[in-house]
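Notes for the structure review
So the chains spell out like this:
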Amino acid sequence: DAEITQSPRHKITETGRQVTLACHQTWNHNNMFWYRQDLGHGLRLIHYSYGVQDTNKGEVSDGYSVSRSNTEDLPLTLESAASSQTSVYFCASSQATGGLEQFFGPGTRLTVL
Amino acid sequence: GESVGLHLPTLSVQEGDNSIINCAYSNSASDYFIWYKQESGKGPQFIIDIRSNMDKRQGQRVTVLLNKTVKHLSLQIAATQPGDSAVYFCAENEDNDMRFGAGTRLTVKP
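In this section: the overall build of chain B. Counting its secondary structure elements, chain B contains 0 helices and 10 strands. Tracing chain B from N to C terminus, the helices and strands come up as β-β-β-β-β-β-β-β-β-β. Its C-alpha radius of gyration of 13 Å places chain B within 12% of the 13 Å reference for a compact globule of 110 residues. Along the three orthogonal principal directions, the C-alpha set of chain B runs to about 40 × 30 × 25 Å. Expressed as a percentage of the 110 residues in chain B, the buried residues total 43%. Long-range contacts, defined here as pairs at least 24 residues apart, represent 53% of the contacts in chain B between residues at least 6 apart. If you sum the accessible surface of chain B, you get close to 5700 Å²; carbon and sulfur atoms cover 45% of it. If the 11 positive side-chain charges of chain B are averaged to one point and the 12 negative ones to another, these points end up 4 Å apart.

What follows is the structure, encoded as C-alpha cells:
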C-alpha cells in the first residue's frame with residue numbers, strides 16, 4: 001500500500017546543530033508539505049513543493065530549508081537548531097493543486113536542548 | 001469552537017450520543033474545507049471535505065455543514081464511539097493556501 005513515512009520519529013539535538021528530517025511518500029504525489037505543530041496552534045506551513053526542483057517558503061520558513069531532487073522525498077533541514085524549533089513536525093503530500101486532500105505522515109518529535 | 005491558545009476547547013460526550021464540533025473560519029474567499037482527526041501520537045487523518053458550492057455533505061457516520069454567511073463549519077458524528085476520541089480540526093483553503101485550526105479535543109465516555 002502507498003504511504004508516507006517520516007524519520008526519525010523522535011530526535012533530541014543541541015542548539016546550533018544541523019538536523020535533517022526525512023519524508024518519503026510512495027503515492028507519486030507532486031505536492032509535498034512540511035508543517036510544525038505546537039500546543040494550542042494549528043498546523044503551520046514551513047515549506048512546500050509542487051514538484052521536482054520546486055520549493056517554496058511557507059508561513060514559518062525562517063531557519064528551515066528543503067530540497068526536492070525526486071518525487072518521493074522532501075527532506076527538511078534545520079540549519080542551526082534553536083530551542084524555538086522544538087516541536088512536532090509533519091510531512092504531507094497531495095495529488096494536485098487546488099486544495100485537495102493532504103495525506104500526513106506520523107510526525108517527528110524534535111527536541112532542541 | 002476553535003481558538004488559538006494554550007488549551008484546546010474540549011467536548012465530552014457519552015458513548016452512543018451524537019457529537020457536534022464547530023469551527024469558525026476567517027477567509028470568506030475559502031473554497032474548500034476539510035475536517036481532520038488526530039489521535040494522540042499520530043498524524044492527522046482525513047475525515048471529510050466540502051467545497052464552498054455545497055452546504056452539506058455526508059459520509060459514514062459523519063456530516064459536515066457549511067454556513068458561508070457566518071463562516072461556520074461543523075462536523076457531526078453520529079453514535080459516537082470510544083474510537084472517536086481524538087483532536088478534530090478544520091482546514092480552509094483559498095488558492096492553494098491551506099490554513100488549519102487549532103482543534104477541539106473530543107472525549108467519549110463509556
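And the narrative resumes.
In this structure the tally under the stated criterion is 13 aromatic pairs over all chains. Plain terms: the ring middles of Phe104 of chain A and Phe100 of chain B are 6.2 Å apart, the flat faces sit at 80° to each other, and that makes the pair edge-to-face. Of this pair, Phe104 of chain A sits in strand β10 (residues 103-104) while Phe100 of chain B sits in strand β9 (residues 97-100), placing the two residues on different chains. Like Phe104 of chain A, the residue Phe100 of chain B is buried in the burial classification. Seen from their ring centres, Tyr25 of chain B and Phe33 of chain B are 4.6 Å apart, and the 55° between their planes marks the pair as tilted. Accessibility expressed as a relative area gives 8% for Tyr25 of chain B, which makes it buried.

A few words on the state of the cysteines. Residue and element names in this part refer to chain B. The full count for this structure, using the stated rule, is 2 disulfides over all chains. With its sulfur 1.7 Å from that of its partner, Cys23 forms a disulfide with Cys90. One end of the pair, Cys23, is in strand β2 (residues 19-24); the other, Cys90, is in strand β8 (residues 86-94), with 67 residues separating them in the sequence. The pair Cys23 / Cys90 is uniform in exposure class, with both members buried.

All names here are of chain A. Pairing within the open sheet is antiparallel, and its 4 strands lie in the order β1-β3-β8-β7. This sheet does not close on itself; its edge strands, each paired only once, are β1 (4-7) and β7 (64-66). When the angles between neighbouring strand axes are averaged without regard to direction, this sheet yields 20°.

Residue and element names in this part refer to chain B. The antiparallel open sheet is built from 4 strands, whose spatial order is β2-β7-β6-β5. The strands lining the two open edges of the sheet, one partner per strand, are β2 and β5 (56-58). Across this sheet, the average inter-strand angle for adjacent strands is 15°, counted without regard to direction. Bridging between β5 and strand β6 (residues 62-67) involves 3 bridges; their strand directions are antiparallel. Along β6, the bridge assignment pairs Arg57 with Val64.

Here we take up the interface of chain A and chain B. In this assembly, 20 residues from chain A lie in contact with 23 residues from chain B. Between chain A and chain B the total buried area reaches about 1600 Å² when both faces are included, carbon and sulfur atoms providing 51% of it. Counting across the chain A and chain B interface gives 1 salt bridge. Arg99 of chain B is paired through a salt bridge with Glu59 of chain A; the nearest N and O atoms lie 3.6 Å apart.

Moving on: the confidence of the model for chain B. Taken over all residues, the pLDDT of chain B has a mean of 90, while the share at 70 or more is 94%. Low pLDDT, under 50, characterises residues 1-6 of chain B; the stretch is placed with 24 contacts to residues that sit more than four places away or in other chains.

Residue and element names in this part refer to chain A. Tallied over the full model, the rule gives 8 salt bridges over all chains. Across the salt bridge formed by Glu14 and Arg17, the nearest N and O atoms sit 3.4 Å from each other. For Glu14, a relative accessible area of 45% gives the class partly exposed. Members of the salt-bridge network, linked through shared partners, are Arg36, Asp38 and Arg44.

Cut-offs and rules
Every chain is numbered independently, its residues counted from 1 as its sequence is written. To label them, take the chains in the order written and letter them from A, then take the ligands in the order written and number them from 1. Whole-chain, interface and lining totals are the exception, using all residues; otherwise, since this is a predicted model, local features are given only for residues with pLDDT of at least 70 and side-chain atom pairs are given and counted only at 80 or more. Water and hydrogen atoms were dropped before computing side-chain values, which therefore reflect all heavy atoms in the structure. Strands here are runs of E lasting at least two residues and helices are runs of H or I lasting at least four, both read from the DSSP assignment and numbered beginning at the N terminus. For the radius of gyration, the atom set is restricted to C-alpha positions; the globular benchmark scales as 2.2 Å times the number of residues to the power 0.38. Three exposure classes are used, based on accessible area relative to the maximum for each residue type with a 1.4 Å probe and protein chains only: buried under 20%, partly exposed in between, and exposed over 50%. Every residue pair with non-hydrogen atoms within 4.5 Å of one another is taken to be in contact. Reported accessibility uses the Shrake-Rupley method at a 1.4 Å probe radius. Residues are deemed covered only where the shown protein chains occlude them. Counted as positive: Lys and Arg. Counted as negative: Asp and Glu, with His and the chain ends omitted from the count. Here the site of a charge means atom NZ of a Lys, CZ of an Arg, CG of an Asp or CD of a Glu. Between the rings of Phe, Tyr and Trp (Trp by its six-membered ring), a pair exists once the centres lie within 6.5 Å; its type follows the angle of the planes, with under 30 degrees stacked, over 60 edge-to-face, and the other angles tilted. Count a disulfide wherever a pair of cysteine sulfur atoms falls within 2.5 Å. In this analysis, strands are considered paired if DSSP registers two or more bridges between them. Lines are fitted to the C-alpha atoms to define the axes, a helix being fitted only along its stretch in contact, and any angle between axes, read from their N-to-C directions, falls within 0 to 180 degrees. Note on terms: buried area is the combined drop in 1.4 Å-probe accessible area of two parts once they are placed together, counting the loss on both. Here, a salt bridge means any Lys or Arg side-chain nitrogen found within 4 Å of an Asp or Glu carboxyl oxygen. pLDDT: the predictor's confidence for each residue, scored from 0 to 100.

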